[in-house]
Every structure is written in C-alpha cells, then in structure tokens.
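# Descriptive structure summary
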Amino acid sequence: MKSLLFLCVANSARSQMAEGLARRLFSDTVQVQSAGSNPTQVNPLAIEVMAEIGIDISGHTAKSIDALDLAAVDTVITLCAEEVCPVFLGQAERLHWPIPDPAGHEGESPEQQLHRFRAAREQLRGRLEVLAALREVPTAPTFDEFHCSVRVTDLPRSAHFYAWLLGTRPKEWTHRYVTFHLPQRHTNFVLVVSDGKELHHDTLYHLGIGVPDKQAVLDWYERAVRAGWPIAKPPRTTWRGTPLHELWLTDPDGNLIEIYARLTEAELAMKPADEEPVFLVPRTP
C-alpha cells in the first residue's frame, strides 16, 4: 500500500477525519487523500474533535473524486453507511468501512453532536491501526488443522500476529473485532477486544494447529524465531496423553498456541520407558 484514498459523499467529516488520522499513522510512507462524489466543505465539528487528539485538519478542503489521478491510487476505502458510496473506476484494492455519518442530526445538543463525531473518529482510528499492523507480515508456515477464537487487549498487534500465523489477511474488521476466514481449511477465527468480563466456557485457553510431521513442527519453530514471536516451550516429543511432537508459542496477549504433529507408528515404537518428553532442539538456559 503506497497510495490510500478515502471516499464518501460530501468529503466533509468521515473521510476528512480518516485522512488526518492516516497521515499521522503512516507519515511519509503512504500518500493519503480523501474525496467525495458531491463535495461540500469540511465540517467544523470534524476539525474540533480531531484537534482534541492533536491533529489539525483546519487546512483541509473538500475535493471531488473527478479531480484525482485514480491510476496512482492502489487502495481505496469507502466510508458510506446509509448513503450510496461513490463509484471508483480505478484498479485499486477496495475496502468498505460502513461508518454512520456523524453529521446532520438536527435537534441534538452540541455535546450530543460532538459525541457522534468522537465515536466516528475512534472507529476510524481503530480500523486504521489494524490496517497499519497488516502492512508487513512475515511469510506464513503451513498447517492442516486449526480451531477457534480469542479475546485480546491490543487488536492491531494481535491482527498482525494472526495474519502471520494464518498466512492471510482478515476477511473483515472493525474497531471491536477482526475476522479471519479460511474455507480451504474449514476455519473461522475471530479476535475480539477484551471487555474485562469474567472468562467463561466459550473462551479458549489455547489454540491448536495440526501440522503433518516432526519436521513441520521444527519448521514452525525456526519461522517463529526469525519473526521474533515468543516461544513458550521449544519443540519436543511427548508420549503422555496423546503422543505428539509439539511446540508452544504465545501471542501478543499471552494466549498459548500448540503446534502439533501426531506420531507415526515407527515413532511411537521409540517411546522411552520413563515417558519423559524429548526436546527436539537445544534448550536455552
């Protein structure tokens, strides 16, 4: 992603706030623009709530999509919810974030109106932080089985980790959750922002990823080390319970992830008398 364009109808509130947030987040690494199909003027309340977080968009102007060089844009994000979004005729990747328009609610008090603009700003900020975390993800290993969903405290950081772990970008995300869908692996996996409620039976305490054999477990270990992900337990062979070759990782929130391969008949025949685990790589002190 080198050129990012935000689109809505009036280019007065959501897309202007998104442009200001993205400029701060990506700095000079991404060209950021916003436009509308029927531009008007920048909403003063958008300027006010952005100033609250130290971003000045008072110099922004509403622009028409017709005035842009669409061939230079590689990522387009449309922000319309109730309205019909502008049509983008370029070849860029397109994302749709339907965020309700905070403007135009007549009869509300000034504080109620500001609340709407702040809510839209925070939704945009949360989505953009996830987008930024997904820009550079290490090459993923392969696996055969996967199960689950977890609660997380840092949604962007966890989105980055699991995009690497699963080898795919999320299907969709908001400021509250990130959803991965892997139909070829019969897997749906959801990251949900932790709300502080007590853990219950629907909360997973660790994840399981099945791989073909011992070498695959070792390959995962090497990739995780190169990527800098924490190793909870290095690769080992265990015979108690279900005999497995296994590796334990932790995600950014400390959730445990077991990378495992079932033992072959030949490997099962090598079970030691004491059934103690055998580590497959040198253990660090």
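Our subject is the structure listed above.
Computed from a prediction, not measured in an experiment: that's the story for all the values here.

Turning to the nonpolar core, a few remarks are in order. One finds Tyr162, Leu165 and Phe189 to be the most contacted residues of the largest nonpolar core, which totals 68 residues. Counting residues per element, this core draws most heavily on helix 4 (residues 155-166), at eight residues. Apart from the residues lying within four places of it in its own chain, the contact partners of Leu165 are Phe143, Phe146, Ile209, Trp220, Leu249 and Ile257. Core analysis: the second largest hydrophobic core is formed by ten residues, Ile65, Leu70, Val76 and Ala92 among them.

Moving on, we come to the environment of Gly210. Inspection of the secondary structure assignment puts Gly210 in strand 10 (residues 206-210). The class for Gly210 is buried, based on a relative accessible area of 3%. Taking the C-alpha atoms as reference points, Gly210 and Tyr260, separated by 50 residues in sequence, lie 5.1 Å from one another. Contacts of Gly210, omitting those with residues within four sequence positions, involve Phe143, Asp144, Glu145 and Tyr260.

Look at helix 5 (residues 214-227): 20 Å from first C-alpha to last across 14 residues, which is about the 20 Å you get at 1.5 Å a residue. Looking at helix 5, one finds that the buried residues are Ala216, Val217, Leu218, Trp220, Tyr221 and Ala224. The opening residue of helix 5 is Asp213, an N-cap whose side-chain oxygen sits 3.3 Å from the backbone nitrogen of Gln215. Within two residues after helix 5, Gly228 carries a phi angle of roughly 85°, on the positive side.

Taken together, four strands build an open sheet; the order of strands is 6-9-8-7 and the sheet is mixed. This sheet does not close on itself; its edge strands, each paired only once, are strand 6 (149-152) and strand 7 (172-173). With six bridges joining them, strand 8 (residues 177-182) and strand 9 (residues 187-193) adopt antiparallel strand pairing. Of the residues in strand 9, the one forming a bridge with Tyr177 is Val192. Packing against the sheet, helix 4 makes contact with strand 6, strand 8 and strand 9, and its axis sits at approximately 10° to strand 8.

So, about unusual backbone geometry. In this structure, Asn11 takes a positive phi of about 50° despite not being glycine. Structurally, the position occupied by Asn11 is in the loop between strand 1 (3-8) and helix 1 (14-26). Classification of Asn11 by relative accessible area gives buried; the value is 0%. Non-glycine residue Ser27 carries a positive phi angle of around 55°. Mapped onto the elements of the fold, Ser27 is located in the loop between helix 1 and strand 2 (31-36).

Overall, the coordinates contain 13 salt bridges when judged by the stated rule. Residue Glu19 pairs with Lys63 through a salt bridge whose shortest N-O separation is 3.9 Å. Here Glu19, found in helix 1, pairs with Lys63, found in the loop between helix 2 (44-51) and strand 3 (75-78); they are 44 residues apart in sequence, far enough to count as distant. You can call Lys63 partly exposed: its relative accessible area is 24%. Ionic contacts of the salt-bridge type, sharing partners, join the residues Glu52, Glu111, Arg118, Arg121, Glu122 and Arg125 into one network.

Here we come to helix 2. Three or more residues of helix 2 are buried, namely Leu45, Ala46, Val49 and Met50. Down the axis of helix 2, the smallest arc covering the buried residues is 135°, so these residues share one side. Structurally, the start of helix 2 carries an N-cap: the backbone nitrogen of Leu45 is 2.8 Å from a side-chain oxygen of Asn43.

Rules behind the numbers
Residues numbered from 1 in each chain as written. Predicted model: local features only at pLDDT ≥ 70, side-chain atom pairs only at ≥ 80, totals over all residues. Heavy atoms only, no water. Core = buried A, V, L, I, M, F, W, Y, C linked by side-chain atoms within 4.5 Å. Buried < 20%, exposed > 50% of the residue type's maximum accessible area, 1.4 Å probe, protein only. Helix = DSSP H or I, 4+ residues; strand = E, 2+ residues; numbered from the N terminus. Contact = heavy atoms within 4.5 Å. Expected span 1.5 Å × (residues − 1). Polar contact = N/O pair within 3.5 Å; in protein donor to acceptor, adjacent residues only side chain to side chain. Pairing = 2+ DSSP bridges. Axes fitted to C-alpha atoms, helices over the stretch in contact; angles between N-to-C directions. Salt bridge = Lys/Arg side-chain N within 4 Å of Asp/Glu carboxyl O. Arc of directions from axis to C-beta.

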